[in-house]
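# Observations on the three-dimensional arrangement
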Amino acid sequence: MYKIMVTGGAGFIGSALVRYLIAKTPHKVANLDKLTYAGNLDSLSNAQLSSRYQFYRADICDAAALDRAFADFQPTVVMHLAAESHVDRSIDGPAEFITTNMVGTYVLLEAARRYWGSLDPARKELFRFHHVSTDEVYGDLEESDELFTESTPYAPSSPYSASKASSDHLVRAWHRTYGLPILLTNCSNNYGPYHFPEKLIPHIILNALAGKPLPVYGDGRQVRDWLYVEDHARALVEVVTRGKVGETYNIGGHNEKRNLEVVETICVLLDELQPRADGRSYKEQITFVKDRPGHDRRYAIDASKIERELGWKPQETFESGIRKTVQWYLDNRDWWERVLNGSYRLARLGDKA
Ligand code: NAD
């Protein structure tokens, strides 16, 4: 039984990880989260009821709060997911991304190093700092380029991906310089239940249902490699429990899709599952909008290392995962209505400091 400290456990991927850890493993979980706009305790409703779950409301930039949480929870491992994660927001206001993703990761690494240095040899040996990162650090690919591997040189394009790339470098430096036992994962685009409505897939589903335009950037030919979020959560647990210290693992779903194809697939599923009142297709709501500056054309991940070394494989295809996702949004109106009207933030009032 591990004691796992998850940073950012109220976010999209963090909450999938916490739900997975509570439902499918015997481990204890501490969720350390600042609860920015992206943190939603509604996403943890059942997991929060477990005696194996506890919550620390803290900012990863606050060294004293981190020291208190480490001393109180005494984690076996840390899984670091807390971040600012939305590319469009990073273009409009990069400062938060530099603060949380770079400075916050530095402050967390130092807190982890202090804690790790204080452990007895047996617990020191077990300790891991697992940094969760993105494939966007590798930049973008031409149609004919090879997939991203763990040795692809970094070439981030946006303030978001540059801040994540910087945090990856810090994590590797803390291993090389101080010997901190780290693991790093770089994952492709995630989708699935509890995804914040500003991101492409939920945004399209909810706009479609509201009869609003379905915005597609540029020509819609940008390619993303999609992974169902629960497959990512499983991969992260494999890496933190069985991965080799100091190593990086790419995680991806072998599901390269053009953005326009994704939007059209959602329309076709909604046409079947919740047809428009006028009987016409949701595709009629698709609208092309001005492209995002510096928009990467293609990401695609080679996940053969984690498949070969840890035996992980995605369980969902894009077709099965997107159907589940669309159905989830149809069945969980309460969750997203509370996000859209802002009342999800009220769930924070009763939390522990
Ligand atoms: P998210 O934006 O949904 O959630 C981020 C969480 O971090 C929120 O709960 C937020 O409250 C918390 N947080 C933000 N700043 C904090 C701070 N200063 N201190 C403590 N908590 C803070 O993000 P996500 O999509 O779940 O992504 C999680 C991680 O996975 C990120 O590091 C991201 O870079 C990485 N990642 C995301 C994707 C993707 O497709 N979403 C793909 C690969 C990697």
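Rules and cut-offs
Residues numbered from 1 in each chain as written. Predicted model: local features only at pLDDT ≥ 70, side-chain atom pairs only at ≥ 80, totals over all residues. Heavy atoms only, no water. Salt bridge = Lys/Arg side-chain N within 4 Å of Asp/Glu carboxyl O. Helix = DSSP H or I, 4+ residues; strand = E, 2+ residues; numbered from the N terminus. Buried < 20%, exposed > 50% of the residue type's maximum accessible area, 1.4 Å probe, protein only. Expected span 1.5 Å × (residues − 1). Contact = heavy atoms within 4.5 Å. Lys, Arg positive; Asp, Glu negative; His and termini not counted. Pairing = 2+ DSSP bridges. Axes fitted to C-alpha atoms, helices over the stretch in contact; angles between N-to-C directions. Core = buried A, V, L, I, M, F, W, Y, C linked by side-chain atoms within 4.5 Å.

### Structural notes on the pattern of salt bridges
Under the criterion given, the structure shown has 21 salt bridges. Measuring nitrogen to oxygen at the nearest pair gives 2.9 Å for the salt bridge that ties Arg113 to Glu110. Here Arg113 and its partner Glu110 are both found in helix α4 (residues 95-117), three residues apart, which amounts to about one turn of the helix. Residue classification places Arg113 among the partly exposed positions, given a relative accessible area of 26%. A relative accessible area of 17% places Glu110 in the buried class. Through salt bridges with shared partners, one network takes in Arg276, Asp278, Arg280 and Glu284.

### A short note on helix α11 (residues 318-331)
Note that an α-helix has 3.6 residues per turn; residues three or four places apart therefore point the same way. Its 14 residues give α11 an end-to-end C-alpha distance of 20 Å, which sits within 8% of 20 Å, the value for a rise of 1.5 Å per residue. Turning to α11, its buried residues are Phe318, Gly321, Ile322, Thr325, Val326, Trp328, Tyr329 and Leu330. Looking at the buried positions of α11, the neighbouring elements they touch are β7 (189-191), α7 (200-209), β9 (223-228), β11 (256-258), α9 (259-273) and α12 (333-340).

### Observations regarding the side chain of Lys199
In this fold, Lys199 is placed in the loop between β7 and α7. No salt bridge is formed by the buried Lys199; its nearest oppositely charged neighbour, Glu198, is found at 4.8 Å. Once residues within four sequence positions are removed from consideration, Lys199 is found in contact with Ser85 and His86.

### Structural notes on the sheet that holds β9
Spatially, the three strands line up as an open sheet ordered β7-β9-β11, and their pairing is mixed. With one partner strand each, in any of the chains shown, β7 and β11 form the two edges of the open sheet. Across the sheet, the mean angle separating the axes of adjacent strands is 50 degrees when strand polarity is ignored. Judged from the three bridges that link them, β7 and β9 form a sheet pairing that is parallel. Directly across from Asn189, in β9, lies its bridge partner Trp226. Lying over the sheet, α9 contacts β9 and β11, oriented at roughly 85 degrees with respect to β11.

### Some remarks on the nonpolar core
Core analysis: the biggest nonpolar cluster contains 42 residues, and Val6, Leu17, Val18, Ile251 and Ile306 have the highest contact counts within it. At the level of elements, β1 (3-7), α1 (12-24), β3 (53-57), β4 (77-80), β6 (182-187), α8 (229-242), β10 (248-251) and α10 (304-310) are the ones that each hand at least two residues to this core. With six residues, the single largest contributor to this core is α8. When neighbours within four sequence positions are excluded, Val18 is seen to be in contact with Val6, Gly9, Val29, Leu44, Ala47 and Tyr53. The next biggest cluster of nonpolar side chains, apart from the first, holds 31 residues, and it includes Val216, Tyr228, Val326 and Tyr344.

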